[in-house]
Amino acid sequence: MPRIASAERPSPRIAVLDWGWAESLLAIDVAPQSVAEAPLYGDRVVVPALPKDTIDLGLRSWPNMELLMSLQPDLILSQANYGVSQARLQDIAPTMALPLYTAEQQPLRRSHEALVAIGERIGRSPAAETFLDRSYARLAAIKTEMTAYDGRKLLIVKFTDDRVIDIYGAGSLFDDVLAKVGIANAWNEPTNNWGFATAGLDAIARYPEARLLIIEPGPPDAFLRSALWRSLPAVQRGDVATIPPTWVFGAFPSAMRFAEVLRKALGFA
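The structure displayed is predicted, hence computed values, not measured ones.

### Overview of the packing of helix 6 (residues 125-145) against helix 12 (residues 252-265)
Running from N to C, helix 6 and helix 12 cross one another at 25°; their axes reach a closest spacing of 11 Å. What the angle tells us is that helix 6 and helix 12 run roughly parallel. For helix 6 against helix 12, the interelement crossing comes out left-handed. Only F252, P253, M256, A259, E260 and R263 of helix 12 make contact with helix 6, whose side of the interface consists of F131, L132, S135, Y136, R138, L139, I142 and E145. Of the residues in the contact of helix 6 with helix 12, the class split is nine nonpolar, one polar and four charged.

This is the structure in structure tokens:
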């Protein structure tokens, strides 16, 4: 994975309402002044880490507008068509409302385009190009490693409770990464603009040949001992792998984190 250097407080002052753009800034060695839901970022996105003095702006969907205004940011980064409108944010500071998860279902491509656009806007184009070049080279190297993979399709799930799961398919960042490293996604049913479908555990049973990949946290221990869980074909074969928390709605750095934790989960570390 491309090395993420520690970032010093930059100028201009940048307020970020989407974690994908926060991690993108950090990937090019720029620390945001403020980030929405900054305390949760470390639990969900994990790396690259925010500086400890990052100001918390409140909810990503509806930040503290008075605080945002008082910080007098030089630039606001938001995700297009999510949360506060660009028109309202423009009243506070120049705003880049960049698309990421859309009906076109190409988040990795959108992540690339956004990183280039952000780099151009803040004078960090060389850093953005370097990060992307190293990332694509790393994905190519992982794909070469994966030629030794057994070819089993993956079913990527995240538990919302002990009986309901989100399954990541077309339009998800993780599906784009699987395509880059040469592994097939088992889920071939409809997904929303964010690239997932919500279903019961019976959905797993519809894909008996797939390897199950669970994004932590998984189901409670008591459920793992239940007859329902033990009846699933992947569980019976011992064909279940887990990966640590990885941001499912992230941008390019989250894609790279997923590629690395996937590699490790499949035994290529």
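### Overview of the environment of A27
Position of A27 among the secondary structure elements: in helix 1 (residues 19-27). Considering only alpha carbons, one finds A27 and P253, 226 residues apart in sequence, at a separation of 6.9 Å.

### Some words on the sheet that holds strand 10 (residues 240-243)
Ordered by their spatial adjacency, five strands build an open sheet running 8-7-6-9-10, and the pairing between neighbours is mixed. With one partner strand each, in any of the chains shown, strand 8 (196-200) and strand 10 form the two edges of the open sheet. Direction aside, the axes of adjacent strands within the sheet are offset by 30° on average. As paired elements, strand 6 (residues 154-159) and strand 7 (residues 164-168) share four bridges and run antiparallel to each other. What sits directly across from F159, in strand 7, is I165. Against the sheet, helix 12 engages strand 6, strand 9 (211-215) and strand 10, with an angle of about 145° to strand 10.

### Focus: the sheet that holds strand 1 (residues 14-16)
Taken in spatial order, the five strands make up an open sheet running 3-2-1-4-5, and their pairing is parallel. Since the sheet does not close on itself, it has two edges, and those belong to strand 3 (55-56) and strand 5 (95-98), each with one partner. One ladder, built from three bridges, connects strand 1 with strand 4 (residues 75-79); its direction is parallel. Directly across from V16, in strand 4, lies its bridge partner L77. In the packing of helix 5 (residues 107-121) onto the sheet, the strands contacted are strand 4 and strand 5, and the crossing angle to strand 5 comes to about 170°.

### Thoughts on the environment of I55
Within the secondary structure, I55 sits in strand 3. A C-alpha to C-alpha distance of 9.3 Å links I55 and P39, two positions 16 residues apart in sequence. Dropping the residues within four chain positions of it, I55 is found in contact with Q33, S34, V35, A38, L67 and L71.

### Points about the packing of aromatic side chains
What the rule picks out here adds up to 17 aromatic pairs. Arranged with centres 5.1 Å apart and planes meeting at 70°, the rings of W194 and F249 form a pair that is edge-to-face. Within this pair, whereas W194 is found in the loop between helix 7 (173-181) and strand 8, its partner F249 is found in the loop between strand 10 and helix 12, the two being separated by 55 residues in sequence. We classify W194 as partly exposed; its relative accessible area is 26%. A connected cluster of aromatic rings, assembled from ring pairs, spans W19, Y41, Y82, Y101, Y168, F174, W194, F196, W247, F249 and F258. It is R60 that lies over the ring of W19; its NZ or CZ is 4.0 Å from the centre.

### With respect to helix 12
For helix 12, spanning 14 residues, the distance from its first C-alpha to its last is 20 Å, which sits close to the expected 20 Å at 1.5 Å a residue. With 12 of 14 residues buried, helix 12 is to be regarded as a mostly interior element. Along helix 12, the residues that are buried comprise F252, P253, S254, A255, M256, R257, F258, A259, E260, V261, L262 and R263.

### Notes on the environment of E260
By the element assignment, E260 lies in helix 12. The exposure class of E260 is buried, given its relative accessible area of 17%. Taking the C-alpha atoms as reference, E260 lies 9.4 Å from R138; in sequence the two are 122 residues apart.

### Focus: the packing of helix 5 against helix 7
Viewed as axis vectors pointing N to C, helix 5 and helix 7 meet at an angle of 95°, and their least axial separation amounts to 8 Å. Relative to helix 7, the element helix 5 is oriented roughly perpendicular. Mapping the contact onto sequence places P107, L108 and S111 in helix 5 and L173, D176 and K180 in helix 7. Looking at the contact of helix 5 with helix 7 residue by residue, the class counts come to three nonpolar, one polar and two charged.

Calculation rules
- Residues numbered from 1 in each chain as written.
- Predicted model: local features only at pLDDT ≥ 70, side-chain atom pairs only at ≥ 80, totals over all residues.
- Heavy atoms only, no water.
- Axes fitted to C-alpha atoms, helices over the stretch in contact; angles between N-to-C directions.
- Helix = DSSP H or I, 4+ residues; strand = E, 2+ residues; numbered from the N terminus.
- Parallel < 35°, antiparallel > 145°, perpendicular 65-115°, else oblique.
- Left-handed = near helix turned anticlockwise from the far one by under 90°.
- Contact = heavy atoms within 4.5 Å.
- Nonpolar A, V, L, I, M, F, W, Y, C, P; charged D, E, K, R; others polar.
- Pairing = 2+ DSSP bridges.
- Phe/Tyr/Trp six-rings, centres within 6.5 Å; stacked < 30°, edge-to-face > 60°.
- Buried < 20%, exposed > 50% of the residue type's maximum accessible area, 1.4 Å probe, protein only.
- Lys NZ or Arg CZ within 6 Å of the ring centre and 35° of its normal.
- Expected span 1.5 Å × (residues − 1).

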